Amino acid sequence: MNEDRETFPQFATRLTRYVERWLSLSGKEKKYEDLLDLVLQEQMLEVIGGEMVIYLRQCSPKTVKELAILAERYADARRAAKRSPGVPAKLCIGNSSKVTVVRYDDQPAQSETGSYDPYCLATVGEKTVKAIRDTGADVLVVDADLVAPTDLLPTHRRITMASKNEVCSCPTALVRLQSPFYCGEAIGVVLANLAVPVIIGNT
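As annotated in an unreviewed UniProt entry, the protein chain carries the name SCAN box domain-containing protein and is attributed to Pomacea canaliculata.

This is the structure:
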């Protein structure tokens, strides 16, 4: 407030306009619950600070609860990256492993113990798609079409494509998976145009 140019009533009016503009831009209604949620979100962002705030604002959470969940995902991804820094994951699509030979066709792969069909149906979020179990891989891989923007994490993971013996950096996402081989949440690698939309490694 500039006491030489503005009276206290004028200052109060200006602050009121700021809050009304803030509410208007947020898309929230002028209700106590909405205002409380907006204040809590801003306070949480103020306390968090740093790179996480950029990620959280890009995700545009609608409630403080959504904001908290996104923040926890970000923190989980950072903790996971610290546990295995610089170690590329292995993706054995199309190559032999000790247990299975994974192929992109409708024929079952063979294992050392006999017949084994690695194909199954899996649900990612609300979509049910074809999946394949790859015991030679140590990472979960999902097609980019199955991942919502809000599920993307700010981290990338290096993976080795066994068929080409090359390392590439791929985005990661929090994946909610239901399948005969794995159920629950996991951090997966996101790739585009997969022949099989979900590859279930040793997650």
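That was the structure; now back to the text.
Attention now moves to the pairing of strand E8 (residues 166-178). Remember that side chains alternate between the two faces of the sheet whenever the strand is regular. As paired strands, strand E4 (residues 119-124) and E8 are joined by 2 bridges and run antiparallel to one another. For Thr-123, the partnering residue across the bridge sits in E8 and is Gln-178. Bridging between strand E7 (residues 152-161) and E8 involves 7 bridges; their strand directions are antiparallel. The residue of E8 that forms the bridge with Arg-157 is Cys-170. Pairing of E8 with strand E9 (residues 183-191) involves 7 bridges; the strand directions are antiparallel. Following the sheet pairing, Gln-178 is matched in E9 by Cys-183.

Moving on, we get to the pattern of salt bridges. Scanning the model with the defined rule gives 3 salt bridges in all. Put simply, Arg-57 and Glu-42 hold a salt bridge, and the shortest N to O gap is 3.5 Å. Here Glu-42 lies in helix H2 (residues 32-48) and Arg-57 lies in helix H3 (residues 50-59), a separation of 15 residues in the sequence. The class for Arg-57 is partly exposed, based on a relative accessible area of 48%. Arg-176 serves as the salt-bridge partner of Asp-151, at 3.2 Å between the closest nitrogen and oxygen. With Asp-151 in the loop between strand E6 (141-143) and E7 and Arg-176 in strand E8, the pair connects residues that are 25 residues apart, well separated along the chain. Using a relative accessible area of 13% as the deciding quantity, one classes Asp-151 as buried. When salt bridges that share partners are traced, they join Asp-151, Arg-176 and Glu-185 into one network.

Looking now at the layout of surface pockets. By volume, the second largest pocket amounts to about 290 Å³. Taken together, 14 residues line the second largest pocket, and the ones lying closest to its centre are Ser-26, Leu-38, Gln-41, Glu-42 and Pro-61. Elements with a contribution of two residues or more to the lining of the second largest pocket: helix H1 (8-26), H2 and H3. A per-element tally of the lining of the second largest pocket places H2 first, with 4 residues. Class assignment for the residues of the lining of the second largest pocket results in 7 nonpolar, 3 polar and 4 charged.

Rules used in this analysis
- Residues numbered from 1 in each chain as written.
- Predicted model: local features only at pLDDT ≥ 70, side-chain atom pairs only at ≥ 80, totals over all residues.
- Heavy atoms only, no water.
- Pairing = 2+ DSSP bridges.
- Helix = DSSP H or I, 4+ residues; strand = E, 2+ residues; numbered from the N terminus.
- Salt bridge = Lys/Arg side-chain N within 4 Å of Asp/Glu carboxyl O.
- Buried < 20%, exposed > 50% of the residue type's maximum accessible area, 1.4 Å probe, protein only.
- 1 Å grid on protein atoms, 1.4 Å probe; cavity = no way out; pocket = protein on both sides within 12 Å on 5 of 7 lines; lining within 4 Å.
- Points joined across faces, edges and corners; volume = space filled by probe spheres on them.
- Nonpolar A, V, L, I, M, F, W, Y, C, P; charged D, E, K, R; others polar.

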